[in-house]
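What follows is each chain in one-letter form.
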Amino acid sequence: MKQGDHLFLVDGSAYIFRAYHALPPLTRKSDGLPVGAVSGFCNMLWKLVEESRDTSVGVAPTHFAVIFDHSSTTFRNALYDGYKAHRPAPPEDLRPQFALIRDAVRAFDLPCIEKQGFEADDLIATYARLAVEAGGDVTIVSSDKDLMQLVGPKVTLYDQMKDKRLGPDAVFEKFGVYPEKMIDLQALVGDTSDNVPGVPGIGPKTAAQLLEEFGTLEALLERAGEIKQQKRRDSLVSFADQARLSKQLVTLDANTPLDVALDDLFIHEPDGEKLVAFLKAMEFTTLTKRVAAKLGTDVAEVGTAKLSVDRQARGPDLDPQAPASPPAPSGDSALPFTPEALAAGRREAAAAETIDRSAYETIRDAATLKRWMAEAVEAGLMAFDTETASLSAMNGALVGVSFALASGRAAYVPLGHVAPPEAADLLAEPGAAEKAVGAQIPMNEALAILKSVLEDPSVLKIAQNAKYDYLVMLRQGIAVAPLDDTMLISYALDASSSLEGHGMDELSERFLGHKPISFKELCGSGKSMRSIATVPIDKVTEYAAEDADVTLRLWRVLKPRLPADGLAHVYERLERPLVPVLARMEERGIKVDRQILSRLSGRFAQKLGEIEADIQAITGEGFNPGSPKQLGDMLFGKLGLPGGKKTKTGQWSTDVKVLEELAADGHELPRRIVDWRQLTKLKNTYTDALVTHMDEAGRIHTSFSMASTTTGRLSSTEPNLQNIPVRTEEGRAIRSAFIADEGRVLLSADYSQIELRLLAHMARIPQLVEAFQAGTDIHAMTASEMFGVPVQGMPADVRRRAKAINFGIIYGISAFGLAAQLAIPREEAGLYIKRYFERFPGIRDYMDETKAFAKANGYVSTLFGRRAHYPDIRHSNPQVRAFNERAAINAPIQGTAADIIRRAMIRMEPALAKSKLSARMLLQVHDELVFEVEADEVDETKALVASVMEAAAGPDLDLAVPLVVEAKAAGNWEEAH
DNA sequence: CGCTCCTAACC
DNA sequence: AGGTTAGGAGCGA
């Protein structure tokens, strides 16, 4: 090595992980061997080699080495045993690729360097030092910040993926310090992935600023007392030693012993045959051809190399027919797997169209609006969107309406725009504010024109999240019909836990390749968010008309897929008709007794005060019982109690289970914490929060979400009325605050054991079906079958265990879960499950069939055809796979129950009307419906509601088990339930 | 201010 | 252990 020579050092280990995570999983076609990381690695290596052969451009290496980590323990572990302690094991499907990548380096005829007890970074540091001392230049192929300390006038980092060279100035730009100070910066900041502690509360920005001021880490630690910010000062003082340790950990060792001398890294032409044989064996068709052409090798004449990969060391059984998820976007290994992929063609067509916001119109006079509406009637369809002053449909004033009649043909009708408050001073003269906003059609006149079309049965209205716009219009006296909803179409097509969601912006990017203006961009967020009514109208026109335009385009792409995918029934019968039903429920709201809630709040506050005093007496001042972190330190650190579980992030778990166990051992603090937790939950989440959602009439209007679960259940937000307490006495007091209007009562009707009944039907389990037909106690029956105890006089605990097992079955049972639930050893839980499957072999068959179907198709179906997608059921990680298997077992059961209650809700209002009953449906809680009923109609309503619910599966579905509904009426929800 | 983590309320 | 939503702590910007 001499002056003018140039050493390339490739950080192989970092590159493997980067290639693995950046690329879609790729498997060798002939046998499914996972090779994605190898492929990425080879492509990158070839690119570097090619560059080195072409001396006319860029920097060409004269010396070259690929460097790997060898072992997991290094001198750093002797300094600090926590070093890299939380590193997860490499993914299953990456492990076999390590050996292949070393094969690849050899096939390229490049030195492959690693050394026991040293990290790649240390070897890189050593070679870099030697090269610089010999007068050469160094390029380190990596973008790891840990290597930035090596950067200098003769050493640069090269990020190949971004094609960027990083010199001292780039390091400064990125971290605010020059490379010489990188070590000090890293020591302060720490590194979570390597478990280098650093100084808590100091991030890269603060660290750079401190080093700028104090020069070095040592100077900073010595003069830490001068820092103004108290928190920062305290942290630096108390963690000074931790910072010094961190510095040792992040400092690279540039004096490691070397097995291969620097001069031996001299580069030479790769051997065409050897390299092509390897690439051929890997079945990298494209790269093989490219390399062969460049090196003048005939592919046909070369055999395939023998690889050092041993079939036993393989990852999980990846079916070569089935590409792992997510599927590669294109290329030979990508088969259509999700409905997404099937629609790719249509998506491409839609994406090819461009969206021009400047073409949208603002409608400010009635005549123009009438012309547009006449055109809508002619077209027979119209996408529309409403803009309101608040984000909730129930309390926001209407600000404007937009619509689209064809792609690109869209307009916005401002109705309630006002001048922004900050303009008030400038517009002091009368009428100036109106003039600044410009003309708007009077609200009533515009609504009358819109109403004629929105209610016209010959014009289809299309909206995204139609329930919102339906409700806004309902509050203006307009019942929009007929109505299509792009969000619900997407949900019917692709309900999946791994897919993001069905919001318009996401759908637009996914299907149209277009990013619409976001609400945040228009109105801001958080404290600085302003009402859309004060945003300039030309801006709102672009935003609102675009939303209508995009909705229409989405509808054109998505609607035809319903029949194509066999999901028209789900959308037409379970989604679409529910929109107005839920909108009316939300509009009605449920009455709440403010007095009860505030009395409870007071009571909880008082009790909390007492408990807090007790807690402070045990722990001393300054302890926050609401901090799981502080609590963990207190219990298992200061008080030295025996710790149990840890959470994902390595923290001590302090959930109820853990605390209850400690309390049972006679410890006072955990007992008090449990009480404190329960009361703060009830107070913060319910008694205090609910009153903020009440309207003037004392009613709370939740919002039901139709598209946020994977299984077809509804969810409830702002506030969530599906998790009102019921378990404990104090909790039930909250439920008693939910009351009926004057002269009415609340009626609660719920399905008894609906999921277990559906399981009995779906898995065709004779004993279960018979038990449900006979109306016997199903948990007692299970217990009797399992433990041989007669149903008569069965001990409560035996029944409890059977009940837990029954629930477990619905949840896709695991020994781990059952053991946790029953607080028994895992082995015992395993025996229970074995026993259960022996008694009910049909359940195991059902589970196996469901899993196999999900694996083959990527989704499972409810009895009404609703699909829940689980692409990750083929995930390479066995834990992820097992989780998806359990979810896939549960989804048809939970989802069918959800379908049935949806059917009941859709039929409920016409049935009530037909019987001339005035009952109003208010809430749905998964297997329960809550109504507000005239006192003198209670009995008749009870019977009708129960019969509609019990018959809801038919006539499409003939269940082998009866559905049973229990209904009860009372003045409040607690007593009615 | 926005994000993640932990915990807990419901079916 | 399946499906949710919400609140507070903690952290970094």
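Structural data are supplied above this passage.
Keep in mind it's a predicted model, so treat the numbers as computed, not measured.

A.B. asks: Got a minute to help me understand the pairing of strand β11 (residues 460-463) in this structure?
C.D. replies: Note on strand geometry: in a regular strand, side chains alternate between the two faces of the sheet. Neither face of β11 is open: one carries Leu460 and Ile462, the other Lys461 and Ala463, and all of them are buried. Examined bridge by bridge, strand β8 (residues 381-388) and β11 share three bridges and lie parallel to one another. Note that in β11 the partner of Met382 across the bridge is Lys461. Pairing analysis gives three bridges linking β11 to strand β12 (residues 483-485), with the strands arranged parallel. Bridged to Ala463 within β12 is Asp485.

A.B. asks: Teacher, can you tell me more about the protein's contact with DNA strand C here?
C.D. replies: Residues in close proximity to DNA strand C total 36 residues, the closest being Ser627, Thr710, Glu718, Gly808 and Gln821. When atoms of DNA strand C within 4 Å of the protein are sorted by moiety, sugar and phosphate together comprise 70%. Side-chain polar atom of Ser627 to a phosphate oxygen of DNA strand C: 2.5 Å apart, as the coordinates give it. In this structure, a sugar or linking oxygen belonging to DNA strand C sits 2.9 Å away from a side-chain N or O atom of Gln894. Put simply, the parts of the chain that give the surface near DNA strand C at least two residues each are α28 (628-638), α30 (668-691), β16 (715-717), α35 (796-810), α36 (815-822) and α39 (878-914). In terms of residue count, α39 provides more of the surface near DNA strand C than any other element does, five residues in total. Here the surface near DNA strand C is composed, by residue class, of nine nonpolar, 22 polar and five charged.

A.B. asks: I'm lost on the pairing of strand β5 (residues 155-159) in this one. Help?
C.D. replies: Along β5, five of the five residues are buried, which leaves the element largely enclosed by surrounding structure. In this sheet, β5 lies alongside strand β4 (residues 137-141) in parallel orientation, the contact comprising four bridges. Pairing of Ile140 across the sheet is with Leu157, part of β5. Pairing between β5 and strand β6 (residues 164-166): three bridges, direction antiparallel. Directly across from Asp159, in β6, lies its bridge partner Lys164. The loop that links β5 with its antiparallel partner β6 comprises four residues; one of these, Asp163, has a positive phi angle of about 50°.

A.B. asks: Help me out: how do you make sense of helix α29 (residues 656-664) in this one?
C.D. replies: Residues three or four positions apart in an α-helix share a direction because the helix packs 3.6 residues into each turn. If you check which residues of α29 are buried, you get Val658, Leu659, Leu662 and Ala663. For α29, the angular spread of buried residues about the axis comes to 135°, placing them on one side. Within α29, the exposed residues directed more than 90 degrees away from the buried face are Glu661 and Ala664. For α29, the elements touching its buried residues are α28 and α30. Looking one or two places after α29, you find Gly666, whose phi comes out positive at around 95°.

Parameters at a glance
- Residues numbered from 1 in each chain as written.
- Chains lettered and ligands numbered in written order.
- Predicted model: local features only at pLDDT ≥ 70, side-chain atom pairs only at ≥ 80, totals over all residues.
- Heavy atoms only, no water.
- Buried < 20%, exposed > 50% of the residue type's maximum accessible area, 1.4 Å probe, protein only.
- Helix = DSSP H or I, 4+ residues; strand = E, 2+ residues; numbered from the N terminus.
- Pairing = 2+ DSSP bridges.
- Near = heavy atom within 4 Å.
- Polar contact = N/O pair within 3.5 Å; in protein donor to acceptor, adjacent residues only side chain to side chain.
- Nonpolar A, V, L, I, M, F, W, Y, C, P; charged D, E, K, R; others polar.
- Arc of directions from axis to C-beta.
- Contact = heavy atoms within 4.5 Å.

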